[in-house]
Amino acid sequence: MSESRSVPQSTLDAALPNVATDLSFDALDGPVTVHRDAYGIPHVKATTVHDAFFGQGFATAQDRLFQMDHDRRWAYGRWAELAGKSAVEQDVLMRKFQLRRSVERDYEAINSETRVMFEAYAEGVNGFIETTEALPVEYAMLGESPESWTAQDCLAVFKARHVLMGHMEAKLWRAKTVATLGAERAAELMPQYERGGLLIVPPGAEYLGENYDVLGEYESGAEHLDGMADADSGSNNWAVHGSRTASGKPLVAGDPHRPIETPSVYYQNHIACDEFDGMGLSFPGCPGFPHFGHNARVAWCVTHAAADYQDLYIESFKSGSSLHYDHKGSWKHAETHTEVIRVRDSEPVEIEVTTTHHGPIVVGEPSSGRAIAFKYTATHGANTAHEALLLQLRSSSVDEMDEAMRGWVDPCNNYVFGDVDGDIAYLTRGKVPVRSMANAWLPVPGWTGEHEWEGFIPFEEMPRIRNPENGFIVTANNKQVDDDYPHYISVQYATEHRARRIYDRLKEMPNATVEDMGDVHAERVSIPGLAYRKLLEGVEPTDQLSAEAKSVLLEWDGKMDADAVGPALYSALRYHLDDTVIRGLLGPLADYALNVGGRGAPHHVSLLKAQLVRMAEADDTSWLPSGATWKSVMAEALGSAVEYLKDRIGNDMSEWTWGRIHQTNRPHWLSNAYSWAKELEGPAMPLGGDGDTPLAASYSHADPFGISGSSVARYIYDLSDWDNSRWIVPFGASGHPASPHFADQSSTWADVDFIPMTYSWDKIEGSAETSQTLSPAE
């Protein structure tokens, strides 16, 4: 870490944009007004579609320009230009993904009205850059300035935010476990979706299928993994039909779970013109509301579907050549070129980028004879998914919204939506390739031709449901359908715990209100916590302090409350129990698996932890150390837990509350490179819940119990009265630390409360904190 100087308050203040002075621009068709409410959230009102997106780009740049620049540089593998050596490894991987080439191809393929949308947004961003006298504080501290924004940059920002959300890392991790532990042991340690686990379609149904033949797939794939041993976010949503609400109209709610960043990944805003009036959460740098929003008639939201749309192909390169690789007995020519990564305060790094017909090489060196290519629906061929953004904003019914998603590609989502006519609906949206089951588990041989994609699951055959009999829909990254569904979607899902708690709560609400939806957001009963509490009854504590802790846990109600001692004791007990057992299971891979980030090993570890709960309940000791019982390992874990909490907090057990150790990590993107960047971070906040509760607040095994992932937004749409809708984000609308709206939502978010999502223009205009008019130049 370098440049330890602090950030002067005068520098922070100088970065605040002018949000009140009227301006004029050649690009505008007519006047655009940006009203900012009491939380600094922009409400953009225009006449034409072009001007609405110009205003969205302008307002977003006012609040989040450096965040946009970060995501653009991340996408293109250029972050080291600002962050130095600490970002080189990330830049190398992103260069290998070749996102710049991908977005250029996409931009040429999208239709003209979508291109106009992106161009208008970019014009708005550049309108701010060219007229402002105040730039984000990061530029001043770095001695840098922003480059102009392009329409293609919008596409790049979106791809950067999703390229690592697929199954690539999981397949690499499985390859590592097979190569290190052997196929049989690796298969034993691969839990699948639990029998009896809650399904999405139909609501309330439970999974009754059989497990996949993991061992067979691992054994057949193992022979191709020589030399590959070193190859290295969840959400909730739900909809309630009007037959089960007090208003008689639907309620739609949920929350995306991602790492908490400063500022938040999502941006609250509202844009309107003669063709539509849309409000929701956007990605700074990208127009529209791709995941969460509503217009005058329809509301929509997503969770990650956990679908498998990324494959890995082991390519066999000709000896001594990185230009030719085997495919069905013939040598195909690979594309290769050199790229240079510029590194701040260091020498540039030169890399070779190679691409086969499957996709770019992302692991290994072709010169070694074997390397892995990456095939991904969003980057393999032209991707026109963003044509759906305008269709979303124009949709007037769930029928139109369903059809609007026909061309959606990535990410695959559990798409939940409802309309003011009273309908609610679910759709698995996105493109899922049709191919061999071998592709599901491991990198597959690219030279045989046996594992190529054979099209995609037809849109009409994607899982969907309309107005279910039970009156509500729940998704929480759980499995969509049972095994009678004819297509492969995924082998990797979250456990049913969050979905089950939400389902059980909604089942008890025959006349649901917005306030009831807030209570579901705050649901924090831990299903694993209750299971371990019950098992603790027969455990003999090893000392007096452990006996006191046992008494506290037996009185605990299973709620992961921030101000309670029980959740901290349970979490510390489970941490030490999981650590002991999983280290024994994974052997030489344990340190890596328990300390690495990403979506490969950590997801597998979370599945192992969930499986341990089920095994403990069944008194299945097959995964325990030799001679151990569940009572003995729990007694040992309880003793370790109280010692850990005593060392960390002190001797007084009444002070061992969950919120003392369970607080948000909120890194700024530059914190790894510059100590001064820590001064730009949002406030740390204690929070209840954990990774198993709908009130999501997960932590990594490597950093107990700091919150690494949580709700980066919460929302409740009331389709009987849009003005009665609510939302909240972890910090605020502004990305400027000196702004009063940088963290003015933090305490409300931590309390699992909400702020108004005001939609009516008379109320917006009548209560605006500031208003700014952008006019056509004369």
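A brief report on the enclosed structure follows. Here the structure is a predicted model, which means the values were calculated and not measured.

1. Some points on the side chain of N237
1) Next: In this fold, N237 is placed in strand 4 (residues 235–240).
2) Next: A residue is classified by how much of its surface remains accessible, and N237, at 0% relative accessible area, is buried.
3) Next: A distance of 3.4 Å separates a polar atom in the side chain of N237 from the backbone oxygen of N414.
4) Next: Polar side-chain contacts of N237 include one of 2.5 Å to the side chain of T475.

2. Focus: the packing of aromatic side chains
1) Next: For the structure shown, the criterion picks out 31 aromatic pairs.
2) Next: On the numbers, 5.9 Å between centres and 50° between planes, the contact of F317 with Y325 is tilted. One exposure class covers both F317 and Y325, and it is buried.
3) Next: Geometrically, the ring pair formed by F472 and Y503 is tilted, given 5.0 Å between the ring centres and 55° between the ring planes. Taken together, the positions of F472 in strand 21 (residues 472–475) and Y503 in helix 15 (residues 497–507) put the pair 31 residues apart, joining distant regions of the chain. An identical accessibility class is assigned to F472 and Y503; each is buried.
4) Next: Three or more aromatic residues joined by ring pairs make a cluster, and in this case those are F158, Y266, F283, F292, W408, Y715 and Y717.
5) Next: For the cation-ring pair, R100 lies above Y76, with the distance from its terminal atom to the ring centre recorded as 3.8 Å.
6) Next: For R429, the ring lying beneath its charged end belongs to W408, and the centroid distance is 3.8 Å.

3. Some points on the sheet that holds strand 18 (residues 424–429)
1) Next: Strand order in the open sheet made by the 11 strands is 1-27-2-3-6-7-8-9-17-18-20, with mixed pairing throughout. Edge strands, defined here as strands with exactly one partner in the open sheet, are strand 1 (23–25) and strand 20 (464–466). Between one strand axis and the next, the sheet turns by 15° as a mean value, whatever way the strands run.
2) Next: Sheet topology note: the strand 9 (residues 298–304)/strand 17 (residues 413–419) ladder contains seven bridges and is antiparallel. Within strand 17, the residue paired with T303 across the bridge is N414.
3) Next: Running at roughly 155° to strand 6 (residues 267–272), helix 2 (residues 49–76) makes contact with strand 1, strand 2 (32–36), strand 3 (42–45), strand 6, strand 7 (277–282) and strand 27 (770–776) of the sheet.

4. Some remarks on the packing of helix 18 (residues 544–555) against helix 19 (residues 566–586)
1) Next: One way to put it is that helix 18 packs onto helix 19 with a least axis distance of 9 Å and a crossing angle of 115°. Of the possible angle classes, the one that applies to helix 18 and helix 19 is roughly perpendicular. The element helix 18 and its partner helix 19 pack so that their crossing is left-handed. The segment helix 18 lies against helix 19, with A549, V552 and L553 engaging G566, L569, Y570 and L573.
2) Next: In the contact of helix 18 with helix 19, the residues fall into six nonpolar, one polar and no charged.

About the cut-offs
Residues numbered from 1 in each chain as written. Predicted model: local features only at pLDDT ≥ 70, side-chain atom pairs only at ≥ 80, totals over all residues. Heavy atoms only, no water. Helix = DSSP H or I, 4+ residues; strand = E, 2+ residues; numbered from the N terminus. Buried < 20%, exposed > 50% of the residue type's maximum accessible area, 1.4 Å probe, protein only. Polar contact = N/O pair within 3.5 Å; in protein donor to acceptor, adjacent residues only side chain to side chain. Phe/Tyr/Trp six-rings, centres within 6.5 Å; stacked < 30°, edge-to-face > 60°. Lys NZ or Arg CZ within 6 Å of the ring centre and 35° of its normal. Pairing = 2+ DSSP bridges. Axes fitted to C-alpha atoms, helices over the stretch in contact; angles between N-to-C directions. Contact = heavy atoms within 4.5 Å. Parallel < 35°, antiparallel > 145°, perpendicular 65-115°, else oblique. Left-handed = near helix turned anticlockwise from the far one by under 90°. Nonpolar A, V, L, I, M, F, W, Y, C, P; charged D, E, K, R; others polar.

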